[in-house]
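# Descriptive structure summary
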Amino acid sequence: MDAFAALGEPRRREILRLVSSRELSVGEIARRFDVTRPAISQHLRVLKEAGLVTERRDGTKRLYRSRPETIAQLWSESLRTLKAAAEREEQQRRSKHGRRHESH
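So, here is what we can say about the structure in this document. Every residue gets a number counted from 1 within its own chain, in the order that chain's sequence is written. Since the coordinates come from a predicted model, pLDDT governs what is reported: local features require at least 70, and pairs of side-chain atoms require 80 or more to be given and counted, while whole-chain, interface and lining totals use all residues. Based on all heavy atoms of the structure, the side-chain values leave hydrogens and waters out of the count.

A word on the environment of Glu 69. With respect to the helices and strands, the residue Glu 69 is situated in helix 5 (residues 68–103). In this structure the C-alpha to C-alpha distance between Glu 69 and Leu 52, which are 17 residues apart in sequence, comes to 8.8 Å. The helix and strand labels rest on DSSP assignments: H or I over at least four residues marks a helix, E over at least two residues marks a strand, and numbering proceeds from the N terminus.

Structure follows, in structure tokens:
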């Protein structure tokens, strides 16, 4: 699953926000939600496979933290896509506007 698809689920976005400031265990994350630990583990697995979080073992605990470099890259790609779409829209608007003047 790619990063955009992974972030399509609101709970995953909230998990990512939680682990952006500090490393947290599955249990610490799960306590902040009204879902089971296995459900949180599944969300974390998706985020990890998308490259959005790292997992570190500390004894029997698994600790999760966001990967700022991946998030920065995602923003960069998003902004490039948004810029290209805005430029296409502006070009289409100008070409429609120009045709109206030519017909008068």
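From this point, the discussion proceeds with the structure in view.
On to the environment of Ala 5, then. Inspection of the secondary structure assignment puts Ala 5 in helix 1 (residues 3–6). With 45 residues separating them along the chain, Ala 5 and Ala 50 place their C-alpha atoms 8.6 Å apart.

Right, let's get into the pattern of salt bridges. We count a salt bridge whenever a side-chain nitrogen from Lys or Arg sits within 4 Å of a carboxyl oxygen from Asp or Glu. Enumeration according to the criterion identifies seven salt bridges in this entry. A salt bridge links Arg 56 to Glu 23; its shortest N-O distance comes to 2.7 Å. Taken together, the positions of Arg 56 in strand 2 (residues 53–58) and Glu 23 in the loop between helix 2 (10–21) and strand 1 (24–25) put the pair 33 residues apart, joining distant regions of the chain. On the basis of relative accessibility, which here comes to 38%, the residue Arg 56 falls in the partly exposed class. Exposure is judged per residue with a 1.4 Å probe applied to protein chains only, and the accessible area is read against the type maximum: over 50% gives exposed, under 20% gives buried, and values in between give partly exposed.

Moving on to the nonpolar core. What we call a nonpolar core is a set of buried Ala, Val, Leu, Ile, Met, Phe, Trp, Tyr and Cys residues that are connected through their side-chain atoms within 4.5 Å. One finds Ile 29, Ile 40 and Leu 52 to be the most contacted residues of the largest nonpolar core, which totals 20 residues. Listed by contribution, the elements that provide at least two residues to this core are helix 1, helix 2, helix 3 (26–30) and helix 4 (37–49).

Spanning 13 residues, helix 4 covers 18 Å between terminal C-alpha atoms, matching the ideal 18 Å at 1.5 Å per step. Taken as a whole, helix 4 has its buried residues at Ile 40, His 43, Leu 44, Val 46 and Leu 47. Along helix 4, the residues classed as buried sweep out an arc of 155 degrees about the axis, all on the same side. The outward face of helix 4, more than 90 degrees from its buried face, is lined by the exposed residues Pro 38 and Glu 49. Any two residues whose heavy atoms approach within 4.5 Å are treated as being in contact. Where helix 4 is buried, its residues meet helix 1, helix 2, helix 3, strand 2 and strand 3 (61–66). At the exit of helix 4 stands Gly 51, carrying a positive phi of roughly 80 degrees. Here a helix's expected span is defined as the number of its residues, less one, multiplied by 1.5 Å. Throughout, the arc means the angular range of directions from the helix axis out to the C-beta atoms.

What follows deals with helix 2. For helix 2, the complete set of buried residues consists of Arg 12, Ile 15, Leu 16, Leu 18 and Val 19. Along the axis of helix 2, the buried positions cluster into a sector of 160 degrees, meaning they face one direction only. In protein, a polar contact means a hydrogen-donor-capable atom and an acceptor-capable atom, both N or O and within 3.5 Å, with residues adjacent in sequence counting only if both atoms are side-chain atoms; elsewhere, any N or O pair within 3.5 Å suffices. Structurally, the start of helix 2 carries an N-cap: the backbone nitrogen of Arg 11 is 2.6 Å from a side-chain oxygen of Glu 9.

Another point: the sheet that holds strand 1. A pair of strands is considered paired only if DSSP assigns at least 2 bridges between the two. Taken in spatial order, the three strands line up as 1-3-2 in an open sheet, and their pairing is antiparallel. Looking at which strands have only one partner, the edges of the open sheet turn out to be strand 1 and strand 2. Pairing of strand 1 with strand 3 involves two bridges; the strand directions are antiparallel. Paired with Leu 24 across the strands is Tyr 64, a residue of strand 3. Note on geometry: axes are C-alpha line fits, over the in-contact stretch for helices, and angles between N-to-C directions span 0 to 180 degrees. Across the face of the sheet, helix 2 comes into contact with strand 1, strand 2 and strand 3 while running at roughly 95 degrees to strand 3.

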